[in-house]
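Notes for the structure review
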Amino acid sequence: MEHRVHIFDTTLRDGEQSPGCSMNLEEKVRMARQLEHLRVDVIEAGFPIASAGDFEAVQFIAKTVEQSTVAALARAVKQDIDRAWEAIQYAKHPRIHTFIATSDIHLKHKLKKTREQVLTDTVTAVKYAKSLCDNVEFSCEDASRSDINFLCELVAAAIDSGAVVINLPDTVGYALPEEYGAMFSEIRRRVPGVDNVILSAHCHNDLGLAVANSLAAVHNGARQIECTVNGIGERAGNASLEEIVMAIKTRGEKLGIETNIDTHEIYKSSKLLSSLTGMLVQRNKAIVGANAFAHEAGIHQDGMLKSPITYEIMTPQSVGIKHSTLVLGKHSGRHALKQRYAELGYELPADELDRAYQAFCTVADKKKEIFDEDLIAIIEDRVGDVDDYYQLETIQVSSGTNVRPTATLELRLGDQRFVDSATGDGPVDAAYKTIERITGVTGKLTEYSIKSVSLGRDAIGEVFVRAEFNGVLYNGRAVSTDIITGSAKAYLEALNRFLVASKRKKEAEQQTSVAV
Ligand code: KIV
Ligand code: ZN
C-alpha cells in the first residue's frame with residue numbers, strides 16, 4: 001500500500017463557507033497561491049454553482065495554480081457538474097468533486113429520495129462528470145451515519161462509473177475513531193475495484209475528533225485526507241491541516257506514512273488565513289497558536305534551556321516559526337531570567353541576579369507579560385518610573401461618515417494638566433496626533449494590533465503597539481472596553497518608556513561628565 005497520504009485542502013470551500021471566514025476573489029487567490037507553496041496535493045477552490053463570485057474565484061484559481069490539482073464541488077446533478085467543469089476546465093490538473101447524501105436521515109428529511117433514486121443519481125452524475133474530466137471524486141455525504149450495505153453498493157457503483165477517489169465524510173462529526181476506521185476497513189474488504197481508487201477521509205470537528213478520525217481512516221487504508229488550514233469549516237470546523245500533517249511528520253515512523261507538505265510553510269499559511277478572514281486562532285491551538293512553542297513554567301524553562309527535546313516534540317522551525325519563546329511571567333524561574341538577560345547583553349553575577357529576580361517577581365505579580373524594557377528597567381533600578389510620566393485623564397473623539405475625525409485629550413504629568421485636540425485619518429490617528437502635540441514627542445507607529453480578550457458587545461479589547469522613537473522600538477499595551485481609549489493608553493505607555501529611557505540616559509551622561 002502507498003505510504004504517501006494526499007492532502008486535499010478545502011479551506012477555500014468547506015472552510016470559506018463557514019461564518020466569519022468569507023474571502024473576496026483576490027483574497028482567495030492569495031490563499032490558493034500559499035496553499036501551492038505549502039504543496040497541498042489538491043486545492044478545493046469552491047462550489048461554482050453556489051454564486052457568481054464563487055464561480056469566478058474557482059475559475060481564476062484554476063487558471064493560476066500550476067502544481068496542485070484544482071477541484072470544484074458539484075451536487076450530483078448535471079447543472080452543477082457543468083458549472084464546475086466550466087470553472088476548472090483550464091486548470092493544469094482539474095478534478096470534479098461530486099457528492100450526494102447517503103444516510104437514511106438525509107434521504108428521508110432532506111433529499112426526499114429513495115435509495116434506488118440516489119443510486120441512479122450517483123451513476124448518472126459520476127458518468128457525466130467522467131465524460132468531461134478524467135479526475136472525478138465522489139463523496140457520500142453523511143457516510144458515517146449511512147447503512148454500510150447501502151454504502152458498499154453505492155461506492156461500488158461510483159467506482160464502476162469512473163470515480164477515481166471515493167470520499168466517505170463524517171459530515172456531522174459524529175463518529176468515534178474506531179467506528180470511522182472500521183467503515184474504511186469494511187469498504188476495502190467488501191467493495192470490488194476499491195484497490196484501484198483512493199479512499200478519502202473528510203471529518204468535521206463537532207466532538208473534537210476530526211484529526212483523530214482522519215488518522216483512524218488512514219490507519220484503515222485511506223490515502224487522502226480532506227482538511228483546512230486552522231481547522232476552519234462548518235460549525236466546529238474541519239480537521240485541521242497543520243495538526244494532521246505534523247502528527248504524520250512527528251509520528252511518521254509509528255504510522256508508516258508521509259505527506260508531500262512543505263511543513264516550513266505551515267505557520268505562514270495559518271497567519272495569512274487569519275489576516276485575510278480576521279478569524280484568529282486561540283493561543284493554545286496546536287502547532288500554530290501563540291503558545292504552541294512558548295514555555296512559562298520554571299521547570300519547563302529550565303528543561304528547555306538544558307535541551308529542547310525535554311518539552312518539545314517538534315521544532316518550531318519545522319513549521320516555520322523562528323524559535324521557541326520562554327515567556328517571562330510569574331511562573332518563570334531564575335534560570336530563564338538569567339538567559340534572557342544574557343540575550344540582552346547583561347551577564348549578571350549571582351548576587352545581582354538574585355536582586356533582579358526579586359524585583360522581577362514583584363513586577364510579574366502585577367503584569368501578565370514582561371517585556372525586555374521591563375527587564376532593563378529592573379536592572380537599571382528604575383522600576384516604577386513609568387508611573388511618573390504622562391497619564392491619560394480624559395479622551396473624547398468624534399468620527400463617522402462625512403466628519404473629520406477629531407480627538408480631544410487631557411493628559412496629566414505629575415501635577416500638571418494639558419488639554420489639546422487634533423484631527424487625523426481616523427479616531428486613533430487623531431488621538432495619537434493629539435498626544436504628539438501635547439508631549440512634543442513624535443513617534444513612528446510600526447505595529448498596532450487589537451484583539452478581544454472577552455466575549456460580548458462590551459468585550460474588553462487589548463491593544464498592543466510598537467512605536468519607534470529616536471530609532472529605538474518601544475512596546476505599549478493596554479486593555480479597555482473602549483478601543484480608542486485602549487489605543488491612546490497603549491501608545492502613551494510606549495512613549496513613557498521612551499521618556500524614561502531618555503531621562504536615564506541623560507542622567508548617566510551628566511554623571512560621566514561630572515566624573516570627568
Ligand atoms: O462534510 C461533507 O460531507 C462535505 C461534502 C460535501 C464533501 O463537505
Ligand atoms: Zn464537509
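Since this is a predicted model, take the numbers as computed values, not measurements. (Residues numbered from 1 in each chain as written. Chains lettered and ligands numbered in written order. Predicted model: local features only at pLDDT ≥ 70, side-chain atom pairs only at ≥ 80, totals over all residues. Heavy atoms only, no water.)

**Let's talk about the coordination of the zinc ion (ligand 2)**
Basically, it comes down to this: A 2.8 Å cut-off from the metal defines N, O and S donors, relaxed to 3.2 Å for Na, K and Ca; water is not in the atom list, so some sites may appear incomplete. Secondary structure elements are defined from DSSP: runs of H or I of at least 4 residues count as helices, runs of E of at least 2 residues count as strands, and each element is numbered from the N terminus. For every residue, the accessible area obtained with a 1.4 Å probe (protein chains only) is divided by the maximum for its type, and the residue is called buried under 20%, exposed over 50%, and partly exposed between those limits.
Each protein donor to the zinc ion (ligand 2) is listed here as Asp14 (OD), His202 (NE2) and His204 (NE2); together their distances run 2.0 to 2.1 Å. As a motif over one chain, the donors of the zinc ion (ligand 2) read D-x187-H-x1-H. A residue pair is termed long-range when its members are at least 10 positions apart, and aspartate 14 in helix α1 (residues 11-15) and histidine 204 in the loop between β7 (198-203) and α9 (210-219) qualify at 190 residues. Comparing aspartate 14 with histidine 204 shows no difference in burial state: the two are buried.

**Here's the deal with the environment of serine 399**
So the rule is basically this: Contacts are assigned to residue pairs with any non-hydrogen atoms lying within 4.5 Å of each other.
Note on placement: serine 399 falls in strand β11 (residues 391-400). Along the chain, serine 399 and glycine 424 lie 25 residues apart, while their C-alpha atoms are 9.8 Å from each other. Every residue in contact with serine 399, bar those within four places of it in the chain, is listed here: Pro405 and Pro427.

**What to know about the site of ligand 1**
Put simply, the test is: We call a residue near a given molecule or strand whenever any one of its heavy atoms falls within 4 Å of it. For the accessible areas, the method is Shrake-Rupley and the probe is 1.4 Å, while residue cover comes only from the protein chains on display. Side-chain classes follow a simple rule in which Ala, Val, Leu, Ile, Met, Phe, Trp, Tyr, Cys and Pro form the nonpolar group, Asp, Glu, Lys and Arg form the charged group, and the remainder, Gly included, forms the polar group.
Inspection of the region around ligand 1 gives Arg13, Asp14, His97, Phe99, Ser139, Glu141, Asn167, Pro169, Thr171, His202 and His204 as its neighbouring residues. Computed on the free molecule, ligand 1 has an accessible area of 260 Å², of which 94% lies beneath the protein chains in the complex. At the level of elements, α1, β4 (94-101), β5 (136-141) and β6 (165-170) are the ones that each hand at least two residues to the shell around ligand 1. Of the residues that constitute the shell around ligand 1, the class distribution is two nonpolar, six polar and three charged.

**Points about unusual backbone geometry**
The phi dihedral of aspartate 142 falls on the positive side, at around 65°, and the residue is not glycine. The topology assignment puts aspartate 142 in the loop between β5 and α7 (148-160). Residue aspartate 142 is classed as buried on the basis of its relative accessible area of 0%. Residues other than glycine seldom take positive phi values, yet asparagine 470 does so here, at roughly 50°. Of note, asparagine 470 is situated in the loop between β15 (461-469) and β16 (472-480).

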